[in-house]
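Here is how the chains run, residue by residue.
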Amino acid sequence: MSLFSAENKEAFVSPLNLNNPVAVQVLGICSALAVTSQLEPAIVMGLSVTVITAFANVIIALLRKTIPNRIRIIIQLVVVAALVTIVSMVLKAFAYDVSVQLSVYVGLIITNCILMGRLEAFAMQNGPWESFLDGIGNGLGYAFVLVVVGTIRELLGSGSLLGFRIIPEAAYECGYMNNGMMTMPAMALILVGCFIWAHRAINKEDK
Amino acid sequence: MEHLISLFVRSIFVDNMIFAFFLGMCSYLAVSKTVKTSMGLGVAVTFVLLVTVPVDYLLQTKVLGPDCLVEGVDLSYLAFILFIAVIAGIVQLVEMIVEKFAPALYAQLGIFLPLIAVNCAIMGASLFMQQRIEMDPATSSQAIANVWDAIAYALGSGIGWLLAIVGLAAIREKMAYTDVPRPLQGLGITFITVGLMAMAFMCFSGLNI
């Protein structure tokens, strides 16, 4: 069996669009909404979830034949919690500002439904390499939604991207104003709602 | 006493789990189809919060904090693993107790009861509690200084969550009769509804108690 067979490619590509964990499966919404008021934390959060999903998938796939069925949830939680602890420490050491911005939402990756969903649905039945690709694919699918929503909110809410000013000063002098509503929690919900709307309208023929 | 009441009211309206922090969103969206089941889930979440947050508070202050267990050792990096273990254990316990003493409620809640273990609202409340221990109760009405504060915070957050899910379920029951564009149906419109509810709740943010 080759490393990049059609099945493996499918496991990697389908969560990016057609089977997107946020827009289609509605998993991991909590953190997707909370960290997207700016682009930078959204990217960091997306990458953290990608890394954790991929490695948790690999570890569970390696252990899958030895885990007793009755206590598998606890084992999955412990594996995920250990990985999240490591990621949280790395963030504190190398990206302290972002980790302060993300605050409790790094810890909440433990209870992110994407992780538990992929571990239950994929890693318990498949080998480590397929699970790794599946984890990366789902993490990137999640990160994609975060980046889209984060870009819109930061651009319209504070007129900048990644902290750099995008909308020129002249526009403000002509009376342009930042939409403060965009930085509020409520707009995150409405934007994700619109994202799902657009996603479903585009992919309509596949259903 | 004043601090307790203000903490309680704040955590229902201002720091609402759903509308301010998006915690417990997955089960919030999945279970809010009818008022009856959402009420049951809300009560169960409130109860689990009420038990886990004080237990996690005691763990954090008596075991994990700096110099608590061993002089000069700060174990708080173990908080994630310990908190999730406590939550999973207590949910299991609650499940067994409810099954024994209230079989009718147990049958009604079904799969949602064990799923509370991975509800981010529970874990989130514990993590916020951990942050708030360091605040000064004299200056901040969010501070959690003792175990009673932790209980008030847990109860308030639980009731806030209950309020949010029952409200959404009631709206969705009515919305079943409206004509929504096809791609927006179901999830999309629910998100937008929650967004509008969150906007309404934003007017509490000036509340000063």
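Residues numbered from 1 in each chain as written. Chains lettered and ligands numbered in written order. Predicted model: local features only at pLDDT ≥ 70, side-chain atom pairs only at ≥ 80, totals over all residues. Heavy atoms only, no water.

> Quick rundown of the packing of aromatic side chains? Include the residues and the values.
Residue and element names in this part refer to chain B. Under the criterion given, the structure shown has 9 aromatic pairs over all chains. For the pair Phe13 and Phe204, a centre-to-centre distance of 4.7 Å together with 40 degrees between the ring planes defines the contact as tilted. Note that Phe13 is positioned in helix H1 (residues 2-13) and Phe204 in the segment after helix H9 (187-202), a separation of 191 residues in sequence. Owing to a relative accessible area of 27%, Phe204 belongs among the partly exposed residues under this scheme. Grouping aromatic residues by their ring pairs yields a cluster made of Phe13, Phe19, Phe201 and Phe204. (Phe/Tyr/Trp six-rings, centres within 6.5 Å; stacked < 30°, edge-to-face > 60°. Helix = DSSP H or I, 4+ residues; strand = E, 2+ residues; numbered from the N terminus. Buried < 20%, exposed > 50% of the residue type's maximum accessible area, 1.4 Å probe, protein only.)

> Tell me about helix H7 (residues 113-123) of chain A, and please be specific about residues and values.
Burial within H7(A) is extensive, with 8 of its 11 residues counted as buried. Where H7(A) is concerned, the buried positions are A:Cys113, A:Ile114, A:Leu115, A:Met116, A:Arg118, A:Leu119, A:Phe122 and A:Ala123.

> Requested: an account of the interface of chain A and chain B, with residues and values cited.
Taken together, the contacts link 39 residues of chain A with 37 residues of chain B. Contact between chain A and chain B buries roughly 3,200 Å² in total, counting both sides, with carbon and sulfur atoms accounting for 86%. Our enumeration of links across chain A and chain B arrives at 0 salt bridges. Linking chain A with chain B are 0 residue pairs in polar contact (both at pLDDT 80 or more), by the criterion used here. (Contact = heavy atoms within 4.5 Å. Buried area = accessible area lost by both parts, 1.4 Å probe. Salt bridge = Lys/Arg side-chain N within 4 Å of Asp/Glu carboxyl O. Polar contact = N/O pair within 3.5 Å; in protein donor to acceptor, adjacent residues only side chain to side chain.)

> I'd like to hear about the nonpolar core, residue by residue, with values.
Formed by 119 residues in total, the largest nonpolar core has its most connected members in B:Met25 and B:Tyr28. When neighbours within four sequence positions are excluded, B:Met25 is seen to be in contact with A:Ile29, A:Cys30, A:Leu33, A:Leu189, B:Ile18 and B:Val194. (Core = buried A, V, L, I, M, F, W, Y, C linked by side-chain atoms within 4.5 Å.)

> Outline a nonpolar patch on the surface, listing residues and values.
Residues and elements named next belong to chain A. Where nonpolar side chains cluster on the molecular surface, the patch consists of Ile43, Leu47, Val147, Leu162 and Phe164 and spans about 450 Å² of accessible area. The topology assignment puts Val147 in helix H8 (residues 128-158). In this structure Val147 comes out as partly exposed when scored by relative accessible area, which is 31%. (Patch = residues over 30% accessible without salt bridge, like charges linked within 9 Å, V, L, I, M, F, W, Y side chains within 5 Å. Areas by Shrake-Rupley, 256 points an atom, 1.4 Å probe, with all protein chains shown as cover.)

> Could you give an account of helix H8 (residues 147-175) of chain B, naming the residues involved and the relevant values?
Along an α-helix, residues three or four apart share an orientation, since each turn contains 3.6 residues. In this model, H8(B) (29 residues) spans 42 Å end to end at C-alpha, consistent with the 42 Å of a helix rising 1.5 Å per residue. The N-terminus of H8(B) is capped by B:Asn146, whose side-chain oxygen sits 3.1 Å from the backbone nitrogen of B:Trp148. (Expected span 1.5 Å × (residues − 1).)

> Please set out the packing of helix H4 (residues 79-101) of chain B against helix H7 (residues 120-132) of chain B residue by residue, giving values where relevant.
Residues and elements named next belong to chain B. Following both chains from N to C, one finds H4 and H7 inclined at 135 degrees, their axes separated by 10 Å at the closest point. Here H4 lies oblique to H7, going by the angle between them. For the pair H4 and H7, the crossing hand works out as right-handed. Where H4 approaches H7, its residues Ala79, Phe80, Phe83, Ile84 and Ile87 are matched on the opposing element by Ile122, Met123, Ser126, Leu127 and Gln130. Here the residues of the contact of H4 with H7 sort into 8 nonpolar, 2 polar and no charged. (Axes fitted to C-alpha atoms, helices over the stretch in contact; angles between N-to-C directions. Parallel < 35°, antiparallel > 145°, perpendicular 65-115°, else oblique. Left-handed = near helix turned anticlockwise from the far one by under 90°. Nonpolar A, V, L, I, M, F, W, Y, C, P; charged D, E, K, R; others polar.)

> Explain the confidence of the model for chain B residue by residue, including any values.
Residue and element names in this part refer to chain B. Across chain B, the average pLDDT comes to 81, with 94% of residues at 70 or higher. Ranking the helices and strands of chain B by mean pLDDT puts H8 first, with 89, and helix H6 (residues 112-115) last, with 72. Per the prediction output, this complex has pTM 0.81; the corresponding ipTM is 0.74. (pLDDT = per-residue confidence, 0-100.)

> So what about the side chain of B:Thr46? Which residues, and what values?
Considering the arrangement of structural elements, one finds B:Thr46 in helix H3 (residues 35-64). For B:Thr46, the residues in contact, after removing those within four places along its chain, are B:Leu155, B:Gly158, B:Ile159 and B:Leu162.

> Lay out the pattern of salt bridges in plain terms, naming residues and giving numbers.
Residue and element names in this part refer to chain A. Counted by the stated rule, this structure contains 3 salt bridges over all chains. Where Asp134 meets Arg118, a salt bridge forms, and the shortest distance between an N and an O atom there is 3.0 Å. Residue Asp134 is found in helix H8, and its partner Arg118 is found in helix H7; the two are separated by 16 residues along the sequence. In this structure, Asp134 and Arg118 share a single accessibility class: buried.

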